[in-house]
Number of protein chains: 2
Amino acid sequence: MAASTELPSLDLLISQTLSGSDLQEYNRIHYGRTDHHELEVKKSSQSSAKENDFDLAAYDFPTKKEETRSPRIVRVGVIQNSIGTSTDKPLVEQRQAIFDKIRKIIESAGEEGVNVLCLQEAWSMPFAFCTREKQPWCEFAESVENGPSTQFLKEFAIKYGMVIVSPILERDEVHGDTIWNTAVVINEAGKVIGKHRKNHIPRVGDFNESTYYFEGNTGHPVFDTKYGKIAINICYGRHHPLNWLMFGVNGAEIVFNPSATVAGLSEHLWAVEARNAAIANSYFTCAINRVGTEAFPNEFTSGDGKPAHKEFGHFYGSSYVTAPNGARTPSLSRVKDGLLIAQIDLNLCRQTKDRWGFQMTQRLDLYADSLNKAIQHDFVPQVIQ
Amino acid sequence: MAASTELPSLDLLISQTLSGSDLQEYNRIHYGRTDHHELEVKKSSQSSAKENDFDLAAYDFPTKKEETRSPRIVRVGVIQNSIGTSTDKPLVEQRQAIFDKIRKIIESAGEEGVNVLCLQEAWSMPFAFCTREKQPWCEFAESVENGPSTQFLKEFAIKYGMVIVSPILERDEVHGDTIWNTAVVINEAGKVIGKHRKNHIPRVGDFNESTYYFEGNTGHPVFDTKYGKIAINICYGRHHPLNWLMFGVNGAEIVFNPSATVAGLSEHLWAVEARNAAIANSYFTCAINRVGTEAFPNEFTSGDGKPAHKEFGHFYGSSYVTAPNGARTPSLSRVKDGLLIAQIDLNLCRQTKDRWGFQMTQRLDLYADSLNKAIQHDFVPQVIQ
């Protein structure tokens, strides 16, 4: 689906252009470490990646051993992908085409021993919210417990003993058939242990999501899984530092940011926001973005004075993982499906807190008081003339 | 003072290594725009920069004209510098040596029409807090109203009609002779209009500042100057998203981040944090870091198991400016003193708010409530087993 004129990877470009001490310095300053600590993957995974045309990369985050706690090594995996067929096909066919391509990537994740896997936002459908058409797109909304996405993923969760985070368009039949942008958490036994609904809904560019669903009402849940405490900050929530903060306050060690965002809007922000959140909150963040260009059957306008058109723009992939200490992996491809694996030790969260002390020094009481005042209608900002 | 083995500039390295469409893509993705919009500076400024060995760079941020508001074009300047002589000299001589070198740079800023100028953290002294010695370093603490730094800068404020932000070590004689890490705001008439005290004090690496001064008690003031609403987030406060947030809530259009931080600790975070703050809060941020290596007369330890030593490590400069839309300038040198000028239109703040809607969608009421709960001793995090 990707336009052939797109740069495949900025990270690759740099690593192929710089060398010696220049590359070392670039890596130190940009990635926070001179060595990416690439991990070997199995030959079978390499073959599958080649055959099925997805990017495959794995990195380690070596962490100091503690004297009183055992390491808590976890393999995190994230998947980015384009849709599987054109958007004018029957919905069930569209979904099946995505399932078919995702199956191959999940199998590689399983073979590589991934413990916690997260897919991209609304992974089982095209990102049709640019159209503002309710039909047929609302039909992709599905049940958290028994929808086709959950059914499809349960099998892999059980087979590989994997926790899977599945961001879908949710249909809540119990509460007025409402639609939500929701991440479903399936545990390693294939059981749905809970869900989180996107807290902040965009009204920018073609992201007309507020036409379809409301701000989430599930708070900032942290899911205490077999493989660590995880949370999900869905897409536009990454622009909101308070959203990231509350997942940290609730004890998250890994926060996934399943997204769908396009080059013209946000690409220069992409490497900044999820990484800043990892630093500020001393946890791991995994930023995931979809790939390729999605065209829709009917034309739509973008509220920018330009003529109607049928394409959403280029989803630039570039998924990456940041550690609590600010070190990060290179990004996956800008144009291809991909599986990124990071081997992490959750102990690094507390080690980073002990080193930097952001939680000790953050003065939450001051800010609770400040925000209480700021939300009043008669709030007077602190301005000195 | 800078070690000759240090890379002068990562930005320069990239711009000299990449070319054509590769450089364009790097600039688009990394800086948020393909053109840096460099501004010409006067021949006399160029000569002064060469003669006095400081880096000089100026950039424009062209902004859309509105129909109902006039542009509010402001020239912002930031200065980064090494100290002026060795730290075993008499204190008054050390301070004078800094004044002497800063004078030249301020004069260039004045000649280039800078309207608002900010110096680095504790600019009139070495960053001696690594030593944990109270004497002689506490003697650098000075009065906000009448101290030598304020006296020195007033003259330039009046001469050039410039607002100057002067981050100093403050002595508060009225309140028990206490010491504070404080930014003084001097208006274009040479009058001190207020001060802000650093809200978050580090306890990391050699940053033993909590030995000397306490968390600030001045809130999050925004100074409504002739040239826009400005605020100051001092150094370690940049790691705290809530600190940035409250300056935004109080209406800041430009937030300066005068800092002193070293390569081994924070260089991979530097390009992330102040930039993220600009994006999240839809204002301009100016990140300023001192330059060079500072050695002290007596040895000290760093709490890292390593032998006692006399050097603080390399202050890596790299000051830069970010616009509310996330576009940024290249950094100043990693090794030289420098003056960075950015010509900005404050109207871009509101334009960015109208585009992205972060303020509309940030749900402050939700977070006021969440923080109220989080600060209670019997707080129960939202955890799903």
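In short, a report on the structure. (Residues numbered from 1 in each chain as written. Chains lettered and ligands numbered in written order. Predicted model: local features only at pLDDT ≥ 70, side-chain atom pairs only at ≥ 80, totals over all residues. Heavy atoms only, no water.)

A few words on the sheet that holds strand β15 (residues 383-384) of chain B. Sheet architecture is open: six strands sit in the order β13(A)-β10(A)-β9(A)-β8(A)-β7(A)-β15(B), paired in mixed fashion. Sheet topology places β13 (320-322) of chain A together with β15 of chain B at the edges, where each strand pairs with a single neighbour. Examined bridge by bridge, strand β8 (residues 228-232) of chain A and strand β9 (residues 254-259) of chain A share three bridges and lie parallel to one another. Bridge pairing in β9 of chain A links Ile230 of chain A to Ile254 of chain A. Lying over the sheet, helix α7 (residues 263-281) of chain A contacts β9, β10 (284-289) and β13 of chain A, oriented at roughly 155 degrees with respect to β10 of chain A. (Pairing = 2+ DSSP bridges. Helix = DSSP H or I, 4+ residues; strand = E, 2+ residues; numbered from the N terminus. Contact = heavy atoms within 4.5 Å. Axes fitted to C-alpha atoms, helices over the stretch in contact; angles between N-to-C directions.)

Moving on: the side chain of Gln343 of chain A. All names here are of chain A. On the secondary structure map, Gln343 appears in strand β14 (residues 337-345). Within the local environment of Gln343, its side chain forms a polar contact with the side chain of Asp60, the two groups lying 3.3 Å apart. Those residues in contact with Gln343, other than ones at most four positions away along the chain, are Leu39, Tyr59, Asp60, Phe61, Ile73, Val74 and Arg75. (Polar contact = N/O pair within 3.5 Å; in protein donor to acceptor, adjacent residues only side chain to side chain.)

Our focus in this paragraph is the interface of chain A and chain B. Taken together, the contact between chain A and chain B spans 78 residues of the former and 78 residues of the latter. Where chain A abuts chain B, roughly 7400 Å² becomes buried across the two surfaces, and 66% of that area is made up of carbon and sulfur atoms. The interface formed by chain A and chain B holds two salt bridges in total. For Glu267 of chain B, the salt bridge goes to Arg28 of chain A, with nearest N and O atoms at 3.0 Å. Between the two partners, chain A and chain B, sit 35 residue pairs in polar contact (both at pLDDT 80 or more). At the level of elements, α1 (10-17), α2 (20-31), β7 (222-225), α6 (241-249), α7, α8 (347-356), α9 (364-374) and β15 (383-384) of chain A are the ones that each hand at least two residues to the side of chain A that touches chain B. In terms of residue class, the side of chain A that touches chain B is made up of 40 nonpolar, 25 polar and 13 charged. (Buried area = accessible area lost by both parts, 1.4 Å probe. Salt bridge = Lys/Arg side-chain N within 4 Å of Asp/Glu carboxyl O. Nonpolar A, V, L, I, M, F, W, Y, C, P; charged D, E, K, R; others polar.)

Residues and elements named next belong to chain B. The terminal C-alpha atoms of helix α7 (residues 263-281) lie 27 Å apart, and with 19 residues this matches the ideal 27 Å at 1.5 Å per residue to within 8%. Maximum bend of α7: about 55 degrees, positioned at Trp270. Where burial is concerned, most of α7 is hidden: 17 out of the 19 residues are buried. Among the residues trailing α7, Ser282 stands out with phi positive, at a value near 55 degrees. (Expected span 1.5 Å × (residues − 1). Bend = angle between axes of the 7 residues up to and from the residue. Buried < 20%, exposed > 50% of the residue type's maximum accessible area, 1.4 Å probe, protein only.)

Turning next to the relation of the copies chain A and chain B. Superposing chain A onto chain B takes a rotation of 180 degrees combined with a translation of 0.0 Å along the rotation axis, leaving an RMSD of 0.0 Å. Such a turn and shift between the copies fits a two-fold axis. Both copies contact each other with a shared surface, as 100% of the interface residues of chain A are interface residues in chain B too. (Least-squares fit on C-alpha atoms with pLDDT ≥ 70 in both.)

Scanning the entire structure with this criterion turns up six cavities of 30 Å³ or more. Counted as a void, the largest cavity has a volume near 590 Å³. Around the largest cavity sit 39 residues that line it, and Tyr26 and His30 of chain A together with Tyr26, His30 and Ala271 of chain B are the ones nearest its centre. Where the lining of the largest cavity is concerned, the elements lending two or more residues are α1, α2 and α7 of chain A together with α1 (10-17), α2 (20-31) and α7 of chain B. Tallied by class, the residues present in the lining of the largest cavity amount to 20 nonpolar, nine polar and ten charged. Forming the walls of the second largest cavity are 19 residues, and the residues nearest its centre are Pro241, Asn276, Ala280 and Asn281 of chain A together with Pro241 of chain B. The dominant element in the lining of the second largest cavity, judged by the number of residues it contributes, is α7 of chain A, at five residues. Residue composition of the lining of the second largest cavity, grouped by class: nine nonpolar, eight polar and two charged. (1 Å grid on protein atoms, 1.4 Å probe; cavity = no way out; pocket = protein on both sides within 12 Å on 5 of 7 lines; lining within 4 Å. Points joined across faces, edges and corners; volume = space filled by probe spheres on them.)

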